[in-house]
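Here is how the chains run, residue by residue.
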Amino acid sequence: CAFEVAADHLPRQSLPLFIAQRNALFDHRSHSLLDHRAQIGKIDHTEPLDLLTIAPSYTNAIVRGGGVPVVAAPCELEDIPDLLHGMDGLILSGGRDMDPDLYGQENTDSERALRELDEFDMALMGEAIRQEIPILGICRGIQVANVARGGDLRQEVLAEGSVAHPTYPEMIARSGPKAHRHEVALVAGSRLAAMYGNVDTIIVNSLHHQAIGRPAEGATVSATAIDGTVEAIEDPAIDLIAVQWHPEQLPDSGGDVLFANLVERARSRATMTP
């Protein structure tokens, strides 16, 4: 999400966002969930960060979907299983570019990558899969999900410009990056299409300059832009749905369905987990 980062003068990193379905606060999970909110705080970076943030649009979207958001800062990798204990869902949120070395490429267009955070997010996803926790990836989150499973990225999708992904100067000359919208085509039969009522296309925002290149093994493309850019993937085997746009910023344009769906998946997991 380079456009959001570029607007800030302080380096920052988005936080992982967990979700517990609302009833979980009143059963045996609640004590564990609240304990882990208090225990988070061990951060080990070779490059200090001035801000660790999560936009309230994420947490508000979870609440509207019937869930309880829990925000967590990065911890030691060996503590991730404890961090996820008692959580029923995981959102991999937007943030900075990933280190292209992680997917076998030289750095040609990646900015402000922080390897430690990439490794944390990928380990977090791996543990969520091990614990069978449903995952929603957003913007950087779809890229983390793809790289973690062996896929790669396109480091720059704005260079040539297109209707869906015009160059940055073109967006500035119009209404600005945050106001840019474009159409994506949903793949019939996908879980994503079902969420949106099996329509053919939807309108999304576009706050990214990178995108999925080669999808990871097991991942199915469920949405594409008119220029062919992969806009969403899913993998039922690991309960993953991930999108390149920012649905939390589109509450009046169908964005909330992704959060409501995650809450429902989280609720299903909670009822099945002893």
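Residues numbered from 1 in each chain as written. Predicted model: local features only at pLDDT ≥ 70, side-chain atom pairs only at ≥ 80, totals over all residues. Heavy atoms only, no water.

Student: Would you mind going over the pairing of strand E5 (residues 89–92) with me for this structure?
Tutor: Within a regular beta strand, the side chains point alternately toward one face of the sheet and then the other, so they alternate between its two faces. Burial along E5 is two-sided: Gly89 and Ile91 and Leu90 and Leu92, pointing in opposite directions, are all buried. For E5 and strand E6 (residues 135–138), the ladder comprises three bridges, and the chain directions are parallel. Looking at the pairing, leucine 92 lines up with glycine 137 of E6. Each parallel crossover has a hand, and the one from E5 via helix H5 (residues 115–130) to E6 is right-handed. (Buried < 20%, exposed > 50% of the residue type's maximum accessible area, 1.4 Å probe, protein only. Helix = DSSP H or I, 4+ residues; strand = E, 2+ residues; numbered from the N terminus. Pairing = 2+ DSSP bridges. Right-handed = clockwise from strand over helix to strand, strands pointing away.)

Student: What should I look at first to understand the environment of glutamate 111 in this one?
Tutor: Following the sequence through the fold, glutamate 111 ends up in the loop between E5 and H5. For the pair glutamate 111 and aspartate 99, spaced 12 residues apart in sequence, the C-alpha to C-alpha distance is 8.6 Å.

Student: Help me understand unusual backbone geometry, please; the structure alone is not making it clear to me.
Tutor: Backbone geometry follows two general trends: most residues other than glycine have a negative phi, and most peptide bonds adopt the trans configuration. The residue glutamate 132 is not glycine, and still its phi comes out positive at about 60 degrees. As for its placement among the helices and strands, glutamate 132 is situated in the loop between H5 and E6. A residue is classified by how much of its surface remains accessible, and glutamate 132, at 63% relative accessible area, is exposed. Although it is not a glycine, cysteine 139 sits at a positive phi angle of roughly 55 degrees. Along the chain, the position of cysteine 139 falls in the loop between E6 and helix H6 (140–148).

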